Amino acid sequence: MIKLDQFLKLVGIAATGGQAKLMIVDGEVKVNGTVETRRGKKLEPTDQVTVNGQIFKVGDVI
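Thresholds applied
Residues numbered from 1 in each chain as written. Predicted model: local features only at pLDDT ≥ 70, side-chain atom pairs only at ≥ 80, totals over all residues. Heavy atoms only, no water. UniProt positions renumbered as here; feature names shortened; annotations may be inferred. Helix = DSSP H or I, 4+ residues; strand = E, 2+ residues; numbered from the N terminus. Pairing = 2+ DSSP bridges.

The protein has the name RNA-binding S4 domain-containing protein in an unreviewed UniProt entry, where Anabaena lutea FACHB-196 is given as its organism.

In structure tokens form, the structure reads like this:
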């Protein structure tokens, strides 16, 4: 499993953990279609993360 903020850094959406945190807290990130505001949210391989219209399948990245 990977945490949401770490995942955003891994896929290159956020350059730093601080930037990832701000994106999450500001409601810019959805997990499985629902806005997620917890940066420590643990992602499963079956989850989908959406940021600015881009969809990332967790299982395809990790």
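Now that the structure is up, let's keep going.
All right, on to the UniProt feature "domain: RNA-binding S4" (unreviewed entry) in the protein then. Per the UniProt annotation, the sites labelled "domain: RNA-binding S4" (unreviewed entry) are residues 2–60. End-to-end, the C-alpha atoms of residues 2–60 are 13 Å apart, and along that stretch the chain is 32% helix and 29% strand.

Attention now goes to the sheet that holds strand β3 (residues 34–35). The strand order across the open sheet formed by four strands is β3-β2-β5-β6, and the pairing between neighbours is antiparallel. Each having just a single partner strand, β3 and β6 (54–57) make up the two edges of the open sheet. Note: strand β5 (residues 48–51) against β6, four bridges, orientation antiparallel. Looking at the pairing, Gln-48 lines up with Lys-57 of β6.

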